[in-house]
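A closer look at the structure
One letter stands for each residue in the lines below.
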Amino acid sequence: MTYLTTDLCDAHEDTVRVVEPMFSSFGGRDSFHGKIATLKLFEDNTLVRKTLDCPGDGRVLVIDGGGSLRRALVGDQLAALAVKNGWTGIVVYGCIRDSRAIGEMDIGVFALDTHPMKTRKLNTGETELPVNFGGVTFTPGEWLYADEDGVIVSATALH
């Protein structure tokens, strides 16, 4: 089922948190929602692969990549892995690559921009902790809703 962020904001104005406008949509799904899982890393996507290789169960992976515009944290192989394992979306505070291929996949992918350079493999980063960007804290287990009008976060499901 699709939920419009505008309608959710109207109905839950006092409880939703709205992420500052900064993302572009690259996935084949323009809207998506789910429980939040988080990663915090910088120019190293080793944990992204490990996380997306696990069952997504309809969750959304929120990646705090420090806003880096120097390397892509998600490409077509990782997006395909996410689709295969039941993730509904990926939000990247950083870049992606292989945008044309990702645009044909049944997954929502929001990111700051695209970049052709892959990441280093240093096996660094943290999982399942609150991350903050765009004026919002993303806490694992809370809910994220995204569409062409923006990204919102709620402590509870809004449906």
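Each remark here, short or long, concerns the structure printed above.
Sequence order as written defines residue numbering, which begins from 1 separately in each chain. Two thresholds apply to this predicted model, a pLDDT of at least 70 for residue-level local features and 80 or more for giving and counting side-chain atom pairs, whereas whole-chain, interface and lining totals are computed over all residues. Side-chain numbers come from the whole structure's heavy atoms, not from hydrogens or water.

1. With respect to the pattern of salt bridges
Which entries qualify depends on this criterion: A carboxyl oxygen of Asp or Glu within 4 Å of a side-chain nitrogen of Lys or Arg is what we treat as a salt bridge. Counting from the N terminus, the helices are the DSSP runs of H or I reaching at least four residues and the strands are the DSSP runs of E reaching at least two. Under the scheme applied here, a residue whose accessible area is under 20% of the maximum for its type counts as buried, over 50% as exposed, and between as partly exposed, the area being computed with a 1.4 Å probe on protein chains only.
Taken as a whole, this structure holds 6 salt bridges when the rule is applied. E43 is paired through a salt bridge with R120; the nearest N and O atoms lie 3.3 Å apart. Note that E43 is positioned in the loop between β3 (32-40) and α2 (46-52) and R120 in the loop between β7 (108-114) and β8 (126-127), a separation of 77 residues in sequence. Overall, R120 belongs to the partly exposed group, its relative accessible area being 38%. Between D98 and R97 there is a salt bridge, with the nearest N and O atoms lying 3.9 Å from each other. Since its relative accessible area comes to 27%, R97 is described here as partly exposed. Via salt bridges that share partners, E43, R70 and R120 belong to a single interconnected network.

2. As for the pairing of strand β6 (residues 89-96)
Our working rule: Strand pairing is defined by DSSP finding a minimum of two bridges between the two strands.
Across the 8 residues that make up β6, a large majority, 7, are buried. Of the strand pairs in this sheet, strand β4 (residues 60-64) and β6 are connected by 5 bridges, and their pairing is parallel. Counterpart to I63 in the pairing with β6 is V92. Here strand β5 (residues 72-74) pairs with β6 via 2 bridges, running parallel. Bridge pairing in β6 places A72 opposite C95. With 6 bridges connecting them, β6 and β7 associate as parallel partners.

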